[in-house]
Amino acid sequence: MFLFLHRWIWHDPGRRARKLFDFAETEADGGRDLVRAAELTQDRTLRRLYMLHAADESRHADLFRTRGTALRRALPASVSTPFQLNWVSPGERGLDDLRVQAESDASLLAFLHLSEKSAAGHFATYVDALKTDPLTSAVFQEVLKDETFHMNYTLAQLARVAPKRHRLVLWRARLGRLWKAYLRVMSAIAAVMGTVILTLQYFILLPPFALLAKRAERREPQGWTPVSPERERPLESQY
Ligand SMILES: [Fe+2]
Ligand SMILES: [Fe+2]
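These figures come from a predicted structure and were not determined experimentally.

A.B. asks: Talk me through the packing of helix α5 (residues 134-161) against helix α6 (residues 166-204); I want residue IDs and the actual numbers.
C.D. replies: Here α5 crosses α6 at 130 degrees, and the two axes come no closer than 9 Å. Between α5 and α6, the interaxial angle falls into the category oblique. Contacts between α5 and α6 pair Leu155, Leu158 and Ala159 from the former with His166, Val169 and Leu170 from the latter. Partitioned by chemical class, the residues of the contact of α5 with α6 number five nonpolar, one polar and no charged.

A.B. asks: Requested: an account of the packing of aromatic side chains, with residues and values cited.
C.D. replies: Counted according to the given criterion, the structure contains 16 aromatic pairs. Taking the centre distance of 6.0 Å and the plane angle of 75 degrees together, the rings of Phe64 and Phe123 count as edge-to-face. With a gap of 59 residues between them, Phe64 in helix α3 (residues 44-73) and Phe123 in helix α4 (residues 105-129) connect regions that are remote in the sequence. In terms of burial, Phe64 and Phe123 fall into one category: buried. Ring plane angle 75 degrees and centroid distance 5.3 Å describe the contact between Tyr126 and Phe140, whose orientation is recorded as edge-to-face. Separated by 14 residues along the polypeptide, Tyr126 in helix α4 and Phe140 in helix α5 bring together distant segments of the chain. Across the pair, Phe140 and Tyr126 agree in class, each one buried.

A.B. asks: Can you explain the pattern of salt bridges? Please cite residues and give values.
C.D. replies: A complete count under the given rule lists ten salt bridges for this structure. Residue Asp133 is joined to Arg16 by a salt bridge in which the shortest nitrogen-to-oxygen separation is 2.7 Å. Of this pair, Asp133 sits in the loop between α4 and α5 while Arg16 sits in helix α2 (residues 13-40), placing them 117 residues apart in sequence. Asp133 gets classed as buried once you look at its relative accessible area, which sits at 7%. Exposure remark for Arg16: the relative accessible area of 10% places this residue in the buried category. Note that Asp133 is salt-bridged to Arg67, the shortest N-O span being 3.2 Å. Placement of the pair is Asp133 in the loop between α4 and α5 and Arg67 in helix α3, with a sequence separation of 66 residues. Each member of the pair, Asp133 together with Arg67, is buried. Overlapping salt bridges bring together Arg16, Arg67 and Asp133 as one network.

A.B. asks: Would you mind going over the environment of Ser237 in detail, with residue names and values included?
C.D. replies: Note that Ser237 resides in the segment after α7 (206-219). Given the relative accessible area of 44%, Ser237 is considered partly exposed. In this structure, the C-alpha to C-alpha distance between Ser237 and Tyr50, residues 187 residues apart in sequence, is 70 Å.

Cut-offs used in this document
Residues numbered from 1 in each chain as written. Chains lettered and ligands numbered in written order. Predicted model: local features only at pLDDT ≥ 70, side-chain atom pairs only at ≥ 80, totals over all residues. Heavy atoms only, no water. Axes fitted to C-alpha atoms, helices over the stretch in contact; angles between N-to-C directions. Helix = DSSP H or I, 4+ residues; strand = E, 2+ residues; numbered from the N terminus. Parallel < 35°, antiparallel > 145°, perpendicular 65-115°, else oblique. Contact = heavy atoms within 4.5 Å. Nonpolar A, V, L, I, M, F, W, Y, C, P; charged D, E, K, R; others polar. Phe/Tyr/Trp six-rings, centres within 6.5 Å; stacked < 30°, edge-to-face > 60°. Buried < 20%, exposed > 50% of the residue type's maximum accessible area, 1.4 Å probe, protein only. Salt bridge = Lys/Arg side-chain N within 4 Å of Asp/Glu carboxyl O.

Given below as structure tokens:
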């Protein structure tokens with residue numbers, strides 16, 4: 001979807017490198033959370049799968065970081081990085097705000113399944129959008145294989161641990177993601193409104209005060225002025 005937009009976003013090499021470093025952070029963070037999930041679960045199969053999953057996320061972090069470093073090295077030293085637009089083309093979003101200890105096995109699997117599904121969709125788009133940079137495209141192709149496996153095993157395990165209510169758990173997780181997306185959009189709108197209101201205040205409210213200050217300055221006597229005799233006390237305190 002919107003392939004042309006993603007092509008434009010990924011076209012700039014400085015932005016491309018910056019985004020890969022950001023994605024690497026998210027993957028590494030997700031890997032750490034999955035190790036924590038493996039420690040907390042009582043289910044042996046899930047513990048083993050979470051550890052494999054954590055190793056994959058850590059490898060993804062290395063892949064993104066290595067490619068980001070290669071791109072950064074090829075850039076001239078003085079190049080500036082344009083804004084990253086991560087809200088349009090995010091990394092493995094979801095893994096970044098995982099609260100492992102607050103989740104049951106079923107709700108964590110549902111959450112992971114949706115995050116991995118969304119990441120797989122995004123990464124498949126980036127593989128196409130990066131056709132002009134085959135090395136970066138190959139990195140996403142490589143990561144995409146694992147994300148597809150993560151997406152599938154989490155759904156299969158959810159059906160195993162909650163055979164009767166896995167659909168309900170999935171819907172609850174979907175609503176949770178929707179709510180978070182709503183909060184993200186609202187905070188972005190609030191940030192824009194804050195900038196607009198402060199800019200208007202700067203141009204509308206400040207000029208009258210500046211004019212009053214200038215008028216007051218004109219009324220001030222120039223140069224040294226004699227001090228009245230009653231203020232000419234010896235300096236014993238600051239008052
Ligand atoms: Fe990943
Ligand atoms: Fe993943």
